[in-house]
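One-letter residues, chain by chain:
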Amino acid sequence: MRVWLFFRTAFLDKIKITQKMKKLTTIFLLAVLGSTYGQDVFTEQDTLRGSITPERAWWDLNYYHLNIEVKPDDKFITGSNTIRYKVLEESQTLQVDLQPPLKIDKITQDGKVLKFDTNGNAHFVSLIKTQIKGAFNEIIVHYSGKPKEAARAPWDGGFSWKKDSNGKHFVATSCQGLGASVWWPNKDHMYDEVDSMTISVKVPKGLMNVSNGRLRKVDKDTNTYHWFVANPINNYGVNVNIGDYVHFGEHYKGEKGLLDMDYYVLRKNLKKAKEHFKDAPKMMKAFEYWFGPYPFYEDSFKLVEVPYLGMEHQSSVTYGNQFKKGYLGRDLSKTGWGLKFDFIIIHEAGHEWFANNITYRDIADMWIHEGFTAYSENLFLDYHYGNEAASAYVIGTRGNIRNDKPIIGKYDVNNEGSGDMYYKGANMLHTLRQVIDDDEKWREILRGLNKEFYHQTVTTEQIENYLCTKIDMDPSTFFDQYLRSTMIPVLEYERNGNTIKYRYTAIVKGFELPIRVFVDETEKWLKPTSKWKVETFKGDLSSFEVDPNFYIEVKKIR
Ligand SMILES: [Zn+2]
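Below is a summary of the structure that appears in this document. Only a predicted model underlies this, so the values are computations on that prediction, with no experimental measurement involved.

1. Some thoughts on the overall build of the protein
Counting secondary structure elements, the protein contains 14 helices and 29 strands. The dimensions of the protein, computed from C-alpha atoms along their principal axes, are 85 × 50 × 45 Å. Counting every position in the protein, which comprises 558 residues, the buried fraction comes to 60%. By sequence separation, contacts in the protein at least 24 residues apart represent 69% of the contacts at least 6 residues apart. Of the accessible surface of the protein, which amounts to about 21800 Å², a share of 51% is contributed by carbon and sulfur atoms. If you average the places of the 74 positive and of the 73 negative side-chain charges in the protein, the two averages end up 4 Å apart.

Encoded structure:
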């Protein structure tokens, strides 16, 4: 997903929740008030967008062919999407999503024009042909219009219509959260990924389009670029990037053999990029080590320059970090370690494992993308700079945690949880690594996740259950604490002679988290609960210290 949420506030989040609220001032104010008390207001449109409606559930996506022409001079697009699907249960009404102001011109099946009813962004198509269980059918949705323009890409979404310094068009799409239906018609819910996809984009002469997967063909006459994605892909991962691109690349020797790594940048940035993108193979080295093979060898890996900060578009990660280290030159951890790498290359490419390989079914579980990927930043450092650098970085990022609301959002209404999904999520995982206390085992777990849920959409519960089977503690309350509450466990302790009396407060019922403590630099494990316990130590207790790698608060009572 989207990168870190610096410019977002809870207030702006609410604006995003529903477009309708902009018009309805009263409801809007209620929503803002509601948000203050942790309640959200949702509309029918949110349910149509965010749930597996009956008109979605009966068919399984198989293949898309998105075939469009982009006219940057008019900020206009036109074309079609062919949707091939398998009939799971017999039904005659099919939901397809497309957001205004884009308009559906026509929907056909086997050459016959179909009727459809529109409810906001959702269109309910009445199929004529009898849908027989097990059959593969296609509809073609023709559409056109001036798509929503992204004002703050990638935090909102739509088309970014920009120009490069030579005055040439520089155009890109982004759409996480808002949904891919902001620019193309599709089944706009994350649970069902298409198995493969062709993206054909006609652009003005002198410009190139870079999308996901591999470039199969260029129609020179029409200047149409045909890209093919051989792997399952989520909707928001699909993208169009148009510019006066130049290309360079390399063959990376990876865990699954030779991986094509290709880079597309604006002509004027070629020299800079050749130097700066050396972080890309370094990233691949670290992440294949920690997470397992890059999940899309067949589709290659690409970095594509865009006129916004960046996004994890599958196999064509988009890049706009101005060829600077850190996050636009800043260190999110304030430790100095964040300036050792280009944040966008590392973070957005980390999403190839957590977002594109393992994908949330519902955006309420977006921490699966952002928690693990924010965590991946310190694993990159761990691989190249060692354990201490990694720890310092992830602990440093705690400064970004707000504990404003739970990390998990509301299900079935297209609702994200707190922005804490990034660095609270990362610190939760870092804490788990401490509990396991065996880095080889931890690495096996991270690689195991990418194997177990390879190319799948998942829920938090599935991730939790997987971890439960691998870790010798009951992690269920652990996840309740960090993902479903805003409380940070407080370890209270008292020193009496050679004993420490300790307990947890601010915890969910049943919460147990063993912690590592030191006295005179000698390590000992404590198992605090909500009840006071006493532990006797040898040595000078004035040196008592809780390992700061555990994300808890420590409070000395006396
Ligand atoms: Zn991200």
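After that view, the rundown keeps rolling.
2. With respect to the sheet that holds strand β3 (residues 93-97)
Spatial strand order, β3-β7-β6: three strands in an open sheet with antiparallel pairing. Every interior strand has two partners, whereas the edge strands, β3 and β6 (115-119), have only one. The mean inter-strand angle of the sheet, taken between neighbouring strand axes irrespective of direction, is 25 degrees.

3. Thoughts on the coordination of the zinc ion
Bound to the zinc ion are the protein donor atoms His 347 (NE2), His 351 (NE2), Glu 370 (OE) and Glu 370 (OE), situated 2.0 to 2.7 Å from the metal. Its four donor atoms give the zinc ion angles of 51 to 153 degrees at the centre, a pattern that matches the irregular case. Here the donor residues of the zinc ion are spaced in sequence according to H-x3-H-x18-E. Each of the two residues, His 347 as well as His 351, counts as buried.

4. Here's the deal with the pattern of salt bridges
Summed over all chains, the structure comprises 27 salt bridges. Salt-bridge contacts for Lys 202 lead to Glu 69; the nearest nitrogen and oxygen are separated by 3.8 Å. Of the two residues, Lys 202 sits in strand β11 (residues 196-202) while Glu 69 sits in strand β1 (residues 59-71), which places them 133 residues apart along the sequence. Exposure remark for Glu 69: the relative accessible area of 22% places this residue in the partly exposed category. Lys 278 is the salt-bridge partner of Glu 275, the closest N and O atoms lying 3.0 Å from each other.

5. Some details on the pairing of β1
Of the strand pairs in this sheet, β1 and strand β2 (residues 76-87) are connected by twelve bridges, and their pairing is antiparallel. Counted as the bridge partner of Asp 60 is Lys 86 from β2. In this antiparallel pair of consecutive strands, β1 and β2, the connection spans four residues, and Lys 75 shows a positive phi of 50 degrees. Note: β1 against β11, seven bridges, orientation parallel. Counterpart to Tyr 64 in the pairing with β11 is Met 197.

6. Observations concerning the packing of helix α9 (residues 367-385) against helix α12 (residues 439-452)
Helix packing geometry: the angle between the two helix axes and the distance between the axes. For the pair α9 and α12, the least separation of the axes is 14 Å and the interaxial angle reads 135 degrees. Classified by the interaxial angle, the pair formed by α9 and α12 is oblique. When you trace α9 past α12, the crossing you get is left-handed. On α12, the residues touching Phe 372, Tyr 375 and Leu 379 of α9 are Trp 442, Leu 446 and Leu 449.

Conventions and cut-offs
Residues numbered from 1 in each chain as written. Predicted model: local features only at pLDDT ≥ 70, side-chain atom pairs only at ≥ 80, totals over all residues. Heavy atoms only, no water. Helix = DSSP H or I, 4+ residues; strand = E, 2+ residues; numbered from the N terminus. Buried < 20%, exposed > 50% of the residue type's maximum accessible area, 1.4 Å probe, protein only. Contact = heavy atoms within 4.5 Å. Areas by Shrake-Rupley, 256 points an atom, 1.4 Å probe, with all protein chains shown as cover. Lys, Arg positive; Asp, Glu negative; His and termini not counted. Charge placed at Lys NZ, Arg CZ, Asp CG, Glu CD. Pairing = 2+ DSSP bridges. Axes fitted to C-alpha atoms, helices over the stretch in contact; angles between N-to-C directions. Donors = N, O, S within 2.8 Å, 3.2 Å for Na, K, Ca; no water. Tetrahedral: all angles 85-135°; square planar, octahedral: opposite > 155°, others 65-115°. Salt bridge = Lys/Arg side-chain N within 4 Å of Asp/Glu carboxyl O. Parallel < 35°, antiparallel > 145°, perpendicular 65-115°, else oblique. Left-handed = near helix turned anticlockwise from the far one by under 90°.

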